[in-house]
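A look at the structure
Now for the letters of each chain:
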Amino acid sequence: MRWWLAVPVVVAAAGPVSADELAFGRALVADNCARCHAIDAGDASAHDEAPAFSTLLRDYPVDALEEAFAERIVTGHPDMPEFTATPEQIGAIIGYIESIQR
């Protein structure tokens, strides 16, 4: 089962991400995702079904991630918590994820 919704969402236009935005994005994923996902480049995920964020964009297009964060992430495994983000949070999270891609 795909974990994003196919609903059009408007997110702030992508552009250069500041160091503050990257830090904000990392803090958000540390608070909400690090229990299962590897959130830093080179780390391994603690949960077998949770992809590492440093390779996430290989399998999931960035626009699908934006939609998922805006409309609540839907997943096939039951222990994934619901997470809904504001457009500002989405921009920071996506910027952070893009910054650590291997």
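Computed from a predicted model, the values in this text were never measured in an experiment.

Some points on the state of the cysteines
Between two cysteines, a covalent bond joining their sulfur atoms is known as a disulfide. For the structure shown, the criterion picks out zero disulfides. Among the cysteines around Cys 33, which has no disulfide bond, Cys 36 carries the closest sulfur, lying 9.0 Å off. Overall, Cys 36 belongs to the buried group, its relative accessible area being 12%.

As for the pattern of salt bridges
Taken as a whole and judged by the stated rule, the model has one salt bridge. Between Arg 26 and Asp 40 there is a salt bridge; the shortest N-O distance is 2.7 Å. With Arg 26 in helix 1 (residues 19-32) and Asp 40 in the loop between helix 1 and helix 2 (56-59), this pair connects stretches of sequence that are 14 residues apart. Using a relative accessible area of 32% as the deciding quantity, one classes Arg 26 as partly exposed. Classification of Asp 40 by relative accessible area gives partly exposed; the value is 23%.

A word on helix 4 (residues 87-99)
Given 3.6 residues to a turn, an α-helix orients residues that are three or four positions apart in the same direction. In this model, helix 4 (13 residues) spans 18 Å end to end at C-alpha, consistent with the 18 Å of a helix rising 1.5 Å per residue. If you check which residues of helix 4 are buried, you get Gln 89, Ile 90, Ala 92, Ile 93, Ile 94, Gly 95, Tyr 96 and Ile 97.

Section: the confidence of the model for the chain
Segments scoring low in pLDDT should not have their predicted coordinates read at a detailed level. Residue-level pLDDT values for the chain average 81, and 80% of them are 70 or greater. Taken element by element, the predicted model of the chain shows its lowest mean pLDDT in helix 3 (residues 62-71) (82) and its highest in helix 1 (96). The low-confidence segment residues 1-13, where pLDDT is below 50, has 28 contacts with residues more than four positions distant or belonging to other chains.

Considerations on the environment of Leu 57
Considering the arrangement of structural elements, one finds Leu 57 in helix 2. Classification of Leu 57 as partly exposed rests on a relative accessible area of 26%. For the pair Leu 57 and Ile 97, spaced 40 residues apart in sequence, the C-alpha separation works out to 8.2 Å. Sequence-distant contacts of Leu 57, that is, excluding residues within four places in its chain, are made with Val 62, Leu 65, Ile 97, Glu 98 and Gln 101.

Examining the environment of Ile 97
By secondary structure assignment, the location of Ile 97 is in helix 4. Look at Ile 97 and you get buried, because its relative accessible area is 1%. Each residue touching Ile 97, except ones within four places of it in the same chain, is listed here: Phe 53, Leu 56, Leu 57 and Phe 69.

Overview of the nonpolar core
Residues Val 29, Phe 53, Phe 69 and Ile 93 are the most contacted members of the largest nonpolar core, which totals 18 residues. Only helix 1, helix 3 and helix 4 provide two or more residues apiece to this core. Element by element, the count of residues in this core is highest for helix 4, at five residues. In contact with Ile 93, not counting residues within four places along its chain, are Gly 25, Leu 28, Val 29, Phe 69 and Phe 83.

Cut-offs applied
- Residues numbered from 1 in each chain as written.
- Predicted model: local features only at pLDDT ≥ 70, side-chain atom pairs only at ≥ 80, totals over all residues.
- Heavy atoms only, no water.
- Disulfide = S-S within 2.5 Å.
- Buried < 20%, exposed > 50% of the residue type's maximum accessible area, 1.4 Å probe, protein only.
- Salt bridge = Lys/Arg side-chain N within 4 Å of Asp/Glu carboxyl O.
- Helix = DSSP H or I, 4+ residues; strand = E, 2+ residues; numbered from the N terminus.
- Expected span 1.5 Å × (residues − 1).
- pLDDT = per-residue confidence, 0-100.
- Contact = heavy atoms within 4.5 Å.
- Core = buried A, V, L, I, M, F, W, Y, C linked by side-chain atoms within 4.5 Å.

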